Amino acid sequence: MLSTTRQFVRELLGPDEQTRLADGHARWFIERLDRADNALRAKGGEAQAAARRWIDVELENVQQAVAWAEEQEPKLFARSVAAFVIYLDQKYRFSENVRLNEALLRRLNPEAAPEGWARTQIYLGNAY
């Protein structure tokens, strides 16, 4: 969505509608990002290329969805970071990868979620 269109719509909507719209937007794009991540991890160059193309085209929407999840939905944020790391690594977006994984790591309790904590440590190490 063009930023001017997005701004115009925000001015028309009430706070509850804005929240509902942002939630739906984030969930839809993170679900698609999750599917694209599955394709990036699978065998077969065509599926991987299609997944990268989709993220390339929708990168701003994906980044907005991840940012919203970071602020509003910790579980969705954790899912989005895990789904985003391969793409960010392949596109040499190391700073963004580090920032997201550090933000996620600060939120995780290693005793409550040891697998998620360990996986995030690995992703962070790879990003460094």
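So, how was this worked out
- Residues numbered from 1 in each chain as written.
- Predicted model: local features only at pLDDT ≥ 70, side-chain atom pairs only at ≥ 80, totals over all residues.
- Heavy atoms only, no water.
- Helix = DSSP H or I, 4+ residues; strand = E, 2+ residues; numbered from the N terminus.
- Buried < 20%, exposed > 50% of the residue type's maximum accessible area, 1.4 Å probe, protein only.
- Contact = heavy atoms within 4.5 Å.
- Axes fitted to C-alpha atoms, helices over the stretch in contact; angles between N-to-C directions.
- Parallel < 35°, antiparallel > 145°, perpendicular 65-115°, else oblique.
- Left-handed = near helix turned anticlockwise from the far one by under 90°.
- Nonpolar A, V, L, I, M, F, W, Y, C, P; charged D, E, K, R; others polar.
- Phe/Tyr/Trp six-rings, centres within 6.5 Å; stacked < 30°, edge-to-face > 60°.

Let's shift gears to the environment of Ala82. Structurally, Ala82 is set in helix α4 (residues 74-90). What makes Ala82 partly exposed here is its relative accessible area of 22%. When sequence neighbours within four positions are dropped, the list of residues in contact with Ala82 reads Asp37, Arg41 and Tyr123.

Along the chain, Asn101 falls in helix α5 (residues 94-107). Ignoring sequence-local partners within four residues, the contact set of Asn101 consists of Val81, Val85, Thr120, Tyr123 and Leu124.

A pair of packed helices is characterised by two quantities: the angle between their axes and the separation of those axes. Running from N to C, α4 and α5 cross one another at 155°; their axes reach a closest spacing of 10 Å. It follows that α4 is roughly antiparallel to α5 by the angle criterion. Considering how the two elements wind past one another, α4 and α5 form a crossing that is left-handed. Across from Pro74, Phe77, Ala78, Val81, Phe84, Val85, Leu88 and Asp89 in α4, the residues of α5 making contact are Phe94, Glu96, Asn97, Leu100, Asn101, Ala103, Leu104 and Arg107. When the residues that make up the contact of α4 with α5 are grouped by side-chain class, the tally is 11 nonpolar, 2 polar and 3 charged.

Before going further, it helps to spend a moment on the packing of aromatic side chains. Counted under the stated rule, the structure contains 4 aromatic pairs. Seen from their ring centres, Trp28 and Phe29 are 4.8 Å apart, and the 80° between their planes marks the pair as edge-to-face. The class of Trp28 is partly exposed, set by a relative accessible area of 44%. With centroids separated by 6.0 Å and ring planes inclined at 70°, the aromatic side chains of Tyr92 and Phe94 adopt a geometry described as edge-to-face. Since its relative accessible area comes to 65%, Tyr92 is described here as exposed. Members of the aromatic cluster, each reached through a chain of ring pairs, are Trp28, Phe29 and Trp54.

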